[in-house]
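# Overview (structure and organization)
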Protein chains: 2
Amino acid sequence: MNAGSAEVPGTGPATAPEAARLARVASRKLAAVSEQQRNSALLLAAERLEEGEGQIVAANAEDVRAAEVLARTEKMSPAMLTRLRVTEKSVADMAEKVRSVVRLPDPLGRKLSVTELDTGLVLTKETCPLGVVAVVFESRPDVVPQVASLALKSGNAILLKGGSEAARTNEVLMATWNSALEESGIPRGAAQLLHSRADVMELLHLERDVDLLIPRGGKDFVESISRQSRIPVLGHGAGICHVYVHSGADLQKAERIVLDAKTDYPAACNAAETLLVDTEIAARFLPRMIEKLRAAGVEVRGCERTGAIVSSGVDAASERDWATEYSDLILSVKVVDGLDQAITHIHAYGSNHTEAIVTEDSAAAERFLSEVDAAGVYHNASTRFADGYRYGLGAEVGISNGKLHARGPMGMDGLTTYKYKLRGSGHTVADYKSGKKFTHRVR
Amino acid sequence: MNAGSAEVPGTGPATAPEAARLARVASRKLAAVSEQQRNSALLLAAERLEEGEGQIVAANAEDVRAAEVLARTEKMSPAMLTRLRVTEKSVADMAEKVRSVVRLPDPLGRKLSVTELDTGLVLTKETCPLGVVAVVFESRPDVVPQVASLALKSGNAILLKGGSEAARTNEVLMATWNSALEESGIPRGAAQLLHSRADVMELLHLERDVDLLIPRGGKDFVESISRQSRIPVLGHGAGICHVYVHSGADLQKAERIVLDAKTDYPAACNAAETLLVDTEIAARFLPRMIEKLRAAGVEVRGCERTGAIVSSGVDAASERDWATEYSDLILSVKVVDGLDQAITHIHAYGSNHTEAIVTEDSAAAERFLSEVDAAGVYHNASTRFADGYRYGLGAEVGISNGKLHARGPMGMDGLTTYKYKLRGSGHTVADYKSGKKFTHRVR
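Residues numbered from 1 in each chain as written. Chains lettered and ligands numbered in written order. Predicted model: local features only at pLDDT ≥ 70, side-chain atom pairs only at ≥ 80, totals over all residues.

### What about the interface of chain B and chain A?
Chain B puts 61 residues into the contact, and the matching count from chain A is 60 residues. Of all the secondary structure elements, the ones that give two or more residues to the side of chain B that touches chain A are β1 (111-118), β2 (121-129), α9 (219-228), α10 (251-263), α15 (362-371), β13 (376-381) and β16 (416-427) of chain B. At 11 residues, the largest contribution of residues to the side of chain B that touches chain A is made by β16(B). Among the residues forming the side of chain B that touches chain A, the class breakdown is 23 nonpolar, 20 polar and 18 charged. Here five bridges tie strand β13 (residues 376-381) of chain A to β16(B), and the two strands are oriented parallel to one another. Bridge pairing in β16(B) places A:H379 opposite B:R423. (Contact = placed C-beta atoms within 7 Å. Helix = DSSP H or I, 4+ residues; strand = E, 2+ residues; numbered from the N terminus. Nonpolar A, V, L, I, M, F, W, Y, C, P; charged D, E, K, R; others polar. Pairing = 2+ DSSP bridges.)

Dropping the structure here:
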C-alpha cells in the first residue's frame, strides 16, 4: 500500500528532487484541467475515504500504539497523542470537509481586469494556480485530505510532509486519495507524500520545482525554514496581540473582550498577551478586570502603575514580558498615557498579527485602525476572531505574518497567482512608436 | 545642500540602520495622511523640480564631467553616459511625470471585500501601504522623482540608492523633493537617499524596518540581493522569451511579430531570444523569415532541422543557446513537432517572463495560453508588449519574475498590501461556541 506516496515504480519511494520534478510536470497539466474534472475527482476522493474508513482507522491504531510507547517516555505530549487519533467519526468529517471544498467557487480563471490596449488587442489579467506547493505539518492526519483538496481545487500539485508519528495513517490516507485521483484522470504526481526530515531539508533547495512552502508549526520551525530556503515561505512566527482599553471605552465590553481574548484558547496565536489601559480609567477598570482574570486562572504581570493600583496578586512585569508570547494563561498589563503611547507600544513589541482597541470614541477607533500596522485591526471585538473560518474564507490554508501576497488568515486564494493573457491579431510594438496610440480602455 | 539625504542633524549622513528606522517611524504616520495631502505634496514637488532646474542641471553637469573621465578609461559605457545626462527638457519631463501620478486613482483604502460576520460585526479587507520600500537602481537620475512619487502616492516611505556616478544629481533632486515634502507636512524621513554600496549591504539585513526590496539592475545583481536578504525582493532575473509559430499561423503575421520581438529593442528583457517553428510549415516559413532577420542585422543560430532547410547564413545552435538571454541581435531557431513539444521546450528553457504563439487556430492558442506557465502568455502579439506603460498600469515600479504578490509588469498596486478591519460592539468568540451562528453575508 504505497501507491499514494512518491514512488518511482520498482525503485521504492522517490527522493525529494524526484518527487518535486514529478509534481512540476503534473502541475503543468493540472493548470488546464477543467473545474468539473477537479470537482468530480474531489467527490470521488470523499467517497473513497468513507469506503477506506476501516483501513484508515486500523493504520492509525498502529501509529497510536507506537505513540503511546513514546508518551510513556515523555517524548510525546498528551495533546499530540489526542491530535494523532483518527476515529470513524474523524474519517466522516474528512470526507465532509472535502465535499465542502467542492462547493467553493472556482478560484481559477477569475478575470481580475480586462483592458483593451488597442482595437483587437485585449489584455486579461486572470487567476491561475501557483504550480507546486509544499506543506510541512505536524501530527494531525486530517491535514492530508484538507490541504490536498484545497490544492486540487486550485489546480496545484502538492507535496506533503507530515510528522513521523502519523506515518502509517498518512500513507493510507494518501493512497486512498490517489486511487480516486488516478481513476478521475488527474495527472500522476499531483499529490505526493514526502517521508523524512532529510526530504524536507532537500526540498528547501528545489526552487526550480517548488513555488511555495507552507510550514505549519512552531515559530522556531517557521523561522528556520524561511532562513534556509530561497523558495517563498508563507507562515507565521510569533503572535503577540494586544487589547487596548481606551479612555472612552465601555468598561463592561472591555471586560468581556479581554477575558475572551486571553482565556478562550490561550495557546492560539490570536490570543492576547498584553493588556494596555489608559491611565484616565485605569483606577476604575483594573481592580475588577484583574479580579476577573485571576478568577479565570490568569496570572497577571503588571507595570509599575498597574502595581500601584492593584497590589495583591499582580507580579511585576519586566521589559521581557512585553515581547513574550506566553501561549498560556498569563497576561501582561501596562498603563499608558493615551492612544499615541498605546500605538507606539504595539509597534515596538507587537508582531503585526491582530490588535484591538476598545472604545466608544469612533474617531479614536478609526485612528487606531488606520495607524496600527497589523494584519488585523479590531474595534470592540476580541482578537480571537482572526481565523479563516470565522472570516468566512471557507477553508484556511494558513495564517501569514508577512505583508506580501497574503496577509492574515489565508484562504484558497493564497494558492493562486495570476497571468496576463494578451490576444492580438499580429500587433507589434514598433507601430506605437510611429504614431499609433493605445486606447487603454478598461472593460 | 543635503537636507534631502538621510541625515541626523549635526552628525552627517545617517547610517543605513538609522535611515531605515527613521523611514519606519515616518511610514507609521504616512499611513494616515489623506489622499489630498499626498497629492498636494506631489504637486508642490513638481513645481520645486521646475524651479530647481538650474541647480539640478548644474549638479548633473559635474557628474557627467566626472563620468566622461571614466568613459575615457572605459570604466563607463557610452550608454550609461547617455542615461546619466539630465537636460532642461528632462527636468520638465520629471515634473510632468510627477503630475501624472497625482492623476492616478488613490491606491489606498480600496475595499477588496466587506463581509458581515454577524449582526453588528463587519469585516473589511482594505488596501494599505506596505510601509518601507527600498529601491536600488543604476545611473538614471529620473528614477528618483519617479519612484519617490509612486511611493508617496501609495503612502510608503522610500529608501533610494542610486549609482555613485549620479551622486551629485541625485542629492540635489532629493533635496528639492524633500523641501516640498517638508513644506507639505509630510513626515520627515519619508524619502531618503542612501549613499554607499556598504549601505546597501547593511540594508539587506534590516528586515525589521524594511518591507520590500526592489533591485533594478542586471540579473546577477538581482539574484545576489535575493540570496543575501531575508526581506522580500521583487525584481526579475533572466528574460528568455519565445515566439512559437504554430502550423496554423498566418505567416505574414508571424514574420512581423518575430521581427518586432527580436529587433525593436534587443536589450530589453521582453525581447525574444528563441524562435520555435512547427515542422509542418518550417520549409515554407524559415527561408523568408531568416532572410528578413539577416537583413535586419540579426545573427541566426539554428537547430539541425533549421540548418537542413536554410544552410547559408545560419550557425549551428548548441544546447547552451536555448538557455541564453542574448540581449543582442542574435536569435536561436528550433523546429518542433507541434504544440506539446513547443510547450515542453518553453518550460525547460524559458524564464516564465513572456511567451507568444502565432496561429489562426484558436483552440491551439487557448491551450498555449492556459498551459504555458509565464507572467505573460500572448496570442498573435509581440512579446515586447510586456511593459507597465503598454499594459495601461500608469507607471511601472518594476517587473517581477516571481509568482507571489505581483507578477509581470508591476504598477503602484505592487507597493500596497491589505489589512482586515473588524468593527464590532463587544463581540467575543466564546459566544459562537455556545450556539451563536455566523451570518457570513458578503456585501
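### Quick look at the relation of the copies chain B and chain A
It takes a turn of 180 degrees to lay chain B on chain A, together with a shift of 0.0 Å along the axis; the resulting RMSD is 0.1 Å. The operation mapping one copy onto its partner corresponds to a two-fold rotation axis. When C-alpha distances to the rotation axis are compared across chain B, the minimum falls at B:H405, with a value of 1.9 Å. (Least-squares fit on C-alpha atoms with pLDDT ≥ 70 in both.)

### Considerations on unusual backbone geometry
The backbone of A:H405 sits at a positive phi, close to 70 degrees, despite the residue not being glycine. For B:H440, which is not glycine, the phi dihedral falls at a positive 45 degrees. Its location among the elements puts B:H440 in the loop between β16 and β17 (441-442). Residue class for B:H440 comes out partly exposed when judged on the 16 C-beta atoms lying within 10 Å of it. (Buried ≥ 20, exposed ≤ 12 C-beta atoms within 10 Å, placed from the backbone.)

### So, the domain arrangement of chain A
As far as domains go, chain A holds domain 1 (16-235 + 410-419) and domain 2 (241-385). Inter-centroid distance (C-alpha atoms) of domain 1 of chain A to domain 2 of chain A is 37 Å. (Domains from an automatic or database assignment.)

### Some words on helix α1 (residues 16-30) of chain A
Residue and element names in this part refer to chain A. Counted at 1.5 Å a residue, the expected span for α1 with its 15 residues is 21 Å, and the 20 Å between its end C-alpha atoms agrees. Buried residues of α1: A16, A19, A20, L22, A23, R24, A26, S27 and L30, and no others. Those residues of α1 that are buried lie in contact with β2 (121-129), β3 (132-136), β4 (157-161), β5 (191-193) and α8 (197-203). (Expected span 1.5 Å × (residues − 1).)

### Brief notes about the pairing of strand β8 (residues 272-278) of chain A
All names here are of chain A. Burial within β8 is extensive, with seven of its seven residues counted as buried. Note that strand β7 (residues 241-245) and β8 share five bridges and pair parallel. When the sheet's bridge partners are listed, V245 is paired in β8 with V277. Each parallel crossover has a hand, and the one from β7 via helix α10 (residues 251-263) to β8 is right-handed. In terms of strand pairing, β8 meets strand β11 (residues 330-336) through five bridges, oriented parallel. In the strand pairing of β11, T274 is matched with S332. (Right-handed = clockwise from strand over helix to strand, strands pointing away.)

### Some words on the packing of helix α3 (residues 53-72) of chain B against helix α7 (residues 167-183) of chain B
Residue and element names in this part refer to chain B. As a packed pair, α3 and α7 sit with axes 7 Å apart at the nearest point and diverge in direction by 160 degrees. Considering the angle they form, α3 stands roughly antiparallel to α7. In the crossing of α3 with α7, the sense of the turn from one axis to the other is right-handed. Contacts from Q55, I56, A59, N60, E62 and D63 of α3 reach α7 at A167, R168, T169, V172, L173 and T176. Residues of the contact of α3 with α7, tallied by class, amount to five nonpolar, four polar and three charged. (Axes fitted to C-alpha atoms, helices over the stretch in contact; angles between N-to-C directions. Parallel < 35°, antiparallel > 145°, perpendicular 65-115°, else oblique. Left-handed = near helix turned anticlockwise from the far one by under 90°.)

### Considering the sheet that holds β1(B)
Across the sheet, 11 strands lie side by side as β10(A)-β9(A)-β11(A)-β8(A)-β7(A)-β12(A)-β13(A)-β16(B)-β2(B)-β1(B)-β17(B); this open sheet has mixed pairing. Of all strands in the sheet, those bounded by a partner on one side alone are β10 (314-316) of chain A together with β17 of chain B. As judged from the six bridges shared by β1(B) and β2(B), these two strands associate in the antiparallel manner. Within β2(B), the residue paired with B:D118 across the bridge is B:L121. Packing of helix α14 (residues 339-349) of chain A onto the sheet brings it into contact with β7, β8, β11 and β12 (354-358) of chain A, and relative to β11(A) it is tilted by some 140 degrees. Sitting on the sheet, helix α15 (residues 362-371) of chain A touches β12 and β13 of chain A together with β16 of chain B, and the angle it makes with β13(A) is about 160 degrees.

### Here's the deal with the confidence of the model for chain A
Averaged over all residues, the pLDDT of chain A equals 93, while 97% of them reach at least 70. For this predicted complex, the interface score ipTM comes out at 0.90, while the overall pTM is 0.90. (pLDDT = per-residue confidence, 0-100.)

### Comments concerning α3(B)
Residues lying three or four places apart along an α-helix face the same way, a consequence of the helix completing one turn every 3.6 residues. Residues and elements named next belong to chain B. Between its first and last C-alpha atoms α3 spans 28 Å; for 20 residues at 1.5 Å apiece the expected length is 28 Å, and the two agree. If you check which residues of α3 are buried, you get E53, I56, A59, N60, D63 and A67. Along the long axis of α3, the arc covered by the buried residues comes to 135 degrees, so they all point the same way. Residues of α3 that are exposed and angled more than 90 degrees away from the buried face: G54, R65, E68, V69 and R72. Looking at the buried positions of α3, the neighbouring elements they touch are α2 (35-51), α4 (78-84), α5 (88-102) and α7. Trailing α3 by a residue or two, E74 shows a phi angle of about 65 degrees, which is positive. (Arc of directions from axis to C-beta.)

### Examining the sheet that holds strand β16 (residues 416-427) of chain A
Across the sheet, 11 strands lie side by side as β17(A)-β1(A)-β2(A)-β16(A)-β13(B)-β12(B)-β7(B)-β8(B)-β11(B)-β9(B)-β10(B); this open sheet has mixed pairing. The sheet is open, and its two edges are formed by β17 (441-442) of chain A together with β10 (314-316) of chain B, each paired on a single side. Sitting on the sheet, helix α11 (residues 279-295) of chain B touches β7 (241-245), β8 (272-278), β9 (299-302), β10 and β11 (330-336) of chain B, and the angle it makes with β8(B) is about 145 degrees. Set on the sheet, helix α14 (residues 339-349) of chain B makes contact with β7, β8, β11 and β12 (354-358) of chain B; between it and β11(B) the angle comes to about 140 degrees.

### Some details on the nonpolar core
In summary, soluble globular proteins display a tendency toward joint burial of nonpolar side chains. In terms of nonpolar packing, the biggest core is built from 75 residues, with B:V133, B:I158, B:L159 and B:L203 touching the most fellow members. Contact partners of B:L203, with chain neighbours within four places excluded, come to B:A16, B:A20, B:A134, B:L159, B:L194 and B:V210. Counting 72 residues, the second-largest nonpolar core is a separate cluster that includes A:L22, A:V147, A:L206 and A:I399. (Core = buried A, V, L, I, M, F, W, Y, C linked by C-beta atoms within 7 Å.)

### Describing the environment of A:F385
Within the secondary structure, A:F385 is located in the loop between β13 and β14 (398-400). A sequence separation of 115 residues divides A:F385 from A:N270, and the C-alpha atoms of the two residues are 7.7 Å apart. When neighbours within four sequence positions are excluded, A:F385 is seen to be in contact with A:R390, B:L422 and B:V429.

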